[in-house]
Amino acid sequence: MRIRGEDLRRDGRVIVLVPTMGFLHDGHVSLLREGRRRGDILVVSIFVNPTQFGPNEDLARYPRDLAGDLDKARGAGVDYAFVPTVAAMYPRPALTRVHVAGLTDGMCGPRRPGHFDGVATVVAKLFHLVQPHVAIFGEKDYQQLGVIRRMVADLDMDVEVVGMPIVREADGLAMSSRNVYLSPDERRRALSLSRALGAAEAAFAAGERDAARLVASATGAIADGVRVDYIELRDAESLEAIEAVARPAVLAVAAFVGKTRLIDNRVLAPT
Ligand code: AMP
């Protein structure tokens, strides 16, 4: 992959990378379509990265469908699918890790210890291997996008990071590879997340600016049987906790529906 990346760069081609863990859905496809628009060579990476999963998380059962993914990738105009093995990515126990502090203090950071180190490190490795000019990520993983942007800035990586809006099912559920875990009953209850964000957004539109009250209005929309991991309102850029919304803020939710942990978020921006 690196030799190919070097050759393409030497030929003056603009390389775009869309990193994924596979089991592609329309959210991924929207990233691929944007990638197709932004460069000459579109690369999708498909790699279920073990170092970003905690010991009690779903690494072993994470859904996979390489044949289906390659069909969708072809349909979206992908030139190369980079599908490395774990042994190829981690040929020796790594002694080096990328840690982005501060941005990882809240939200998923404390609930998934080591997760963002795993993400930042594997994305740094993918950047070195693929050598993209542009890399595209979804705002669905809002904190991840912030972490990647900051890593790129702090480490002078020569990659333009592009964020894309959350793609949702018709009823509002944010698309996720993990939605496949949901039973029909859980699928209904999973709507709690987007409803909670909608409730807070309605309160915000009606003039509410107090963080605790906005979070409370979101919490009030969570259905029985859904276990909230966190609902937090933070500065949209620094991800620091705020008491009131004076500049763009992100309302982020993580919740367990059955055994499945889902996330969603919405930016609340005063006009
Ligand atoms: P994943 O395969 O879940 O690691 O996701 C790969 C990329 O797709 C990440 O940048 C995600 O933020 C993005 N993504 C996942 N779901 C969605 C969605 N519903 N809308 C937009 N982007 C998404």
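Structure: above.
Quick caveat: nothing in here was measured; it's all calculated off a predicted structure. (Residues numbered from 1 in each chain as written. Predicted model: local features only at pLDDT ≥ 70, side-chain atom pairs only at ≥ 80, totals over all residues. Heavy atoms only, no water.)

Q: Which residues make up the pairing of strand E6 (residues 226–235), and what values do they have?
A: Across the 10 residues that make up E6, a large majority, seven, are buried. With nine bridges connecting them, E6 and strand E7 (residues 249–257) associate as antiparallel partners. When the bridges of E7 are listed, Arg 234 appears paired with Val 250. (Buried < 20%, exposed > 50% of the residue type's maximum accessible area, 1.4 Å probe, protein only. Helix = DSSP H or I, 4+ residues; strand = E, 2+ residues; numbered from the N terminus. Pairing = 2+ DSSP bridges.)

Q: Explain the packing of aromatic side chains residue by residue, including any values.
A: This model, assessed by the stated rule, comprises two aromatic pairs. On the numbers, 5.9 Å between centres and 75° between planes, the contact of Phe 53 with Tyr 62 is edge-to-face. Relative accessible area serves as the criterion here: at 10%, Phe 53 is assigned to the buried category. Overall, Tyr 62 belongs to the buried group, its relative accessible area being 7%. (Phe/Tyr/Trp six-rings, centres within 6.5 Å; stacked < 30°, edge-to-face > 60°.)

Q: Break down the pattern of salt bridges for me, citing the residues and quoting the values.
A: Summed over all chains, the structure comprises 19 salt bridges. Where Arg 38 meets Glu 160, a salt bridge forms, and the shortest distance between an N and an O atom there is 3.4 Å. With Arg 38 in helix H2 (residues 26–38) and Glu 160 in strand E5 (residues 160–164), this pair connects stretches of sequence that are 122 residues apart. Classification of Glu 160 as partly exposed rests on a relative accessible area of 42%. Measuring nitrogen to oxygen at the nearest pair gives 2.9 Å for the salt bridge that ties Asp 229 to Arg 261. On the criterion of sequence distance, the pair formed by Asp 229 in strand E6 and Arg 261 in strand E8 (residues 260–268) is long-range, its members being 32 residues apart. Assessed through its relative accessible area of 22%, Asp 229 is described here as partly exposed. (Salt bridge = Lys/Arg side-chain N within 4 Å of Asp/Glu carboxyl O.)

Q: Residues and numbers for the sheet that holds E8, please.
A: Overall, antiparallel pairing links the three strands, which are arranged E6-E7-E8 in an open sheet. Looking at strand neighbours, the two that pair on one side only are E6 and E8, the edges of this open sheet. For this sheet, the mean angle separating the axes of adjacent strands, direction not counted, is 15°. Strands E6, E7 and E8 of the sheet are contacted by helix H10 (residues 211–219), whose axis makes an angle of about 150° with E6. (Axes fitted to C-alpha atoms, helices over the stretch in contact; angles between N-to-C directions. Contact = heavy atoms within 4.5 Å.)

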